[in-house]
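Geometric and topological summary
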Amino acid sequence: MKRIWTELRYKDYVEQQQLDGNKFEILTLLAEREADLNTLVARLDYLRMLVSAPPEPSSEGLILSTVHSSKGLEYETVYLLDVLDGILPAVTEPKGPEEQRRYQEERRLFYVAMTRAKDHLYLFSCLDRGSAFIRESRRELPVEKTEEDDLFAALREELCGKAYYHGQKGRGTVRAACEGRCMIAYTDGETETLTVGQMYDRRRVLRAAPSRTTVQGKPRAAIPPAGRTAPQWDRSLTSEETTALMAGAVRGRKVIHTAFGAGTIVSCQGAVMTVQFPQSGEKKFVLPDAMRRGLLRYDGDDSV
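Anyway, here's the lowdown on the structure attached to this text. What you see is a predicted model, and the numbers here were worked out from it, not measured in a lab.

What follows concerns the sheet that holds strand 11 (residues 272-277). One open sheet accounts for 5 strands, arranged 12-11-10-9-13; its pairing is antiparallel. Strands with a single pairing partner mark the edges of an open sheet, and in this sheet they are strand 12 (281-286) and strand 13 (296-298). Pairwise comparison of adjacent strand axes, ignoring direction, gives a mean angle of 40° for this sheet. Direction of pairing for strand 10 (residues 261-269) relative to strand 11: antiparallel, over a ladder of 5 bridges. Bridging across to strand 11, Cys268 finds its partner in Met273.

See below:
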């Protein structure tokens with residue numbers, strides 16, 4: 001093939017007639033995988049059959065195709081597998097003219113594969129083995145812009161490789177992330193895909209007693225109702241202390257919050273108390289916890 005292309009000057013003819021010179025490069029790539037001329041011819045016959053009579057599009061399942069046989073076709077969604085250095089492209093750092101030629105040919109094939117997608121394109125890569133073509137493509141993609149104080153600005157960094165602790169399944173690792181969803185692999189081999197919101201709801205939550213702080217040189221304690229002994233800041237309330245706090249939570253009573261200021265109790269259902277603040281509106285608190293932490297007190301109870 002190379003003898004026909006160069007020594008017999010078929011390349012010059014192709015250029016003069018403005019024909020598609022990529023076909024020779026494609027034939028060369030196909031020939032490298034075949035043992036002899038007969039198997040190459042058989043391979044070309046098979047590919048010709050696929051091109052002339054492609055499989056009928058199906059509304060279910062997947063159509064498996066090579067990049068070469070997909071030329072001229074389009075699909076709503078395309079999944080491009082094995083976009084990895086060593087596979088696509090096969091040569092990661094081309095040096096000589098032949099490697100440069102092959103690299104550019106694979107680059108054109110990558111472009112062909114991407115442009116088969118009309119609506120959605122998915123490129124499959126690996127954490128520890130990326131692709132020069134993907135890195136090049138990402139430089140041309142629009143980048144999401146968020147304000148510095150935006151909540152989701154904290155999620156701009158790469159999530160893949162981060163640890164995630166599930167409430168029941170324990171420790172896992174984020175293996176893939178796309179459009180707000182993460183695939184998590186757990187230590188027992190199980191995998192699942194969750195949205196970021198689901199990950200937050202199902203995460204393992206560990207709580208530790210707050211460290212002792214001081215107010216004017218004294219240990220700070222929760223502020224109890226009048227006449228009660230202040231419980232210690234670094235321990236849970238006893239059942240008697242909780243009962244006494246709940247007994248004082250009556251509708252219309254004034255309370256003081258460290259951040260929202262003065263407010264009025266609107267309702268109390270179980271341990272959850274709703275307070276109306278003039279500036280901040282209604283807020284809900286777990287009464288024993290808020291009192292224990294010193295965030296909330298009844299108006300007029302100033303003991304510490």
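Right, let's get into the pairing of strand 3 (residues 163-166). Residues Tyr164 and His166 of strand 3 are buried on one face, while the alternating residues Ala163 and Tyr165, pointing to the opposite face, are not. The sheet contact formed by strand 3 and strand 4 (residues 170-178) spans 4 bridges and is antiparallel. From the neighbouring strand, Tyr164 faces strand 4, where its bridge partner is Gly172. The antiparallel pairing of strand 3 with strand 4 creates a hairpin that spans 3 residues between the two strands.

Each pair of packed helices gets described by two things: the angle between the helix axes and the distance between those axes. Orientation of helix 3 (residues 22-31) relative to helix 4 (residues 37-52), taken along the N-to-C sense of each, is 120°, at an axis distance of 10 Å. In terms of orientation, helix 3 and helix 4 fall into the oblique class. Relative to helix 4, the crossing made by helix 3 is right-handed. The segment helix 3 lies against helix 4, with Leu27, Leu30 and Ala31 engaging Leu40, Leu44 and Leu47. Within the contact of helix 3 with helix 4, the residues separate by chemical class into 6 nonpolar, no polar and no charged.

What the rule picks out here adds up to 9 aromatic pairs. When the ring of Trp5 is compared with that of Phe24, the centres are 4.2 Å apart and the planes differ by 0°; the resulting orientation is stacked. One end of the pair, Trp5, is in helix 1 (residues 2-7); the other, Phe24, is in helix 3, and 19 residues separate them in sequence. Taking relative accessible area as the criterion, Trp5 reaches 14% and is therefore assigned buried.

On to the nonpolar core. Met273, Leu287, Leu296 and Tyr298 are the most contacted members of the largest nonpolar core, which has 13 residues in total. When contributions to this core are tallied by element, the ones reaching two or more residues are strand 11, helix 9 (287-292) and strand 13. Contacts of Leu287, omitting those with residues within four sequence positions, involve Leu245, Met246, Ala249, Ala271, Met273, Leu296 and Tyr298. Counting residues in hydrophobic clusters, the runner-up holds 9 residues, among them Tyr103, Phe110, Ala113 and Phe133.

Attention now moves to the sheet that holds strand 3. Spatially, the 4 strands line up as an open sheet ordered 3-4-5-6, and their pairing is antiparallel. If you trace the sheet from one side to the other, it starts and ends with strand 3 and strand 6 (191-195), each paired once. On average, each strand axis in the sheet is tilted by 40° relative to the strand beside it, whichever way the strands run.

Here the bond from Leu88 into Pro89 is cis, since omega is 10°, no more than 30 degrees from zero. Despite not being glycine, Arg9 has its phi angle at roughly 65°, a positive value. Locating Arg9 in the fold gives a position in the loop between helix 1 and helix 2 (10-16). Even without a glycine there, the phi angle at Asp82 is positive, about 55°. Locating Asp82 in the fold gives a position in the loop between strand 1 (75-80) and helix 5 (97-114).

Definitions and cut-offs
- Residues numbered from 1 in each chain as written.
- Predicted model: local features only at pLDDT ≥ 70, side-chain atom pairs only at ≥ 80, totals over all residues.
- Heavy atoms only, no water.
- Pairing = 2+ DSSP bridges.
- Helix = DSSP H or I, 4+ residues; strand = E, 2+ residues; numbered from the N terminus.
- Axes fitted to C-alpha atoms, helices over the stretch in contact; angles between N-to-C directions.
- Buried < 20%, exposed > 50% of the residue type's maximum accessible area, 1.4 Å probe, protein only.
- Parallel < 35°, antiparallel > 145°, perpendicular 65-115°, else oblique.
- Left-handed = near helix turned anticlockwise from the far one by under 90°.
- Contact = heavy atoms within 4.5 Å.
- Nonpolar A, V, L, I, M, F, W, Y, C, P; charged D, E, K, R; others polar.
- Phe/Tyr/Trp six-rings, centres within 6.5 Å; stacked < 30°, edge-to-face > 60°.
- Core = buried A, V, L, I, M, F, W, Y, C linked by side-chain atoms within 4.5 Å.

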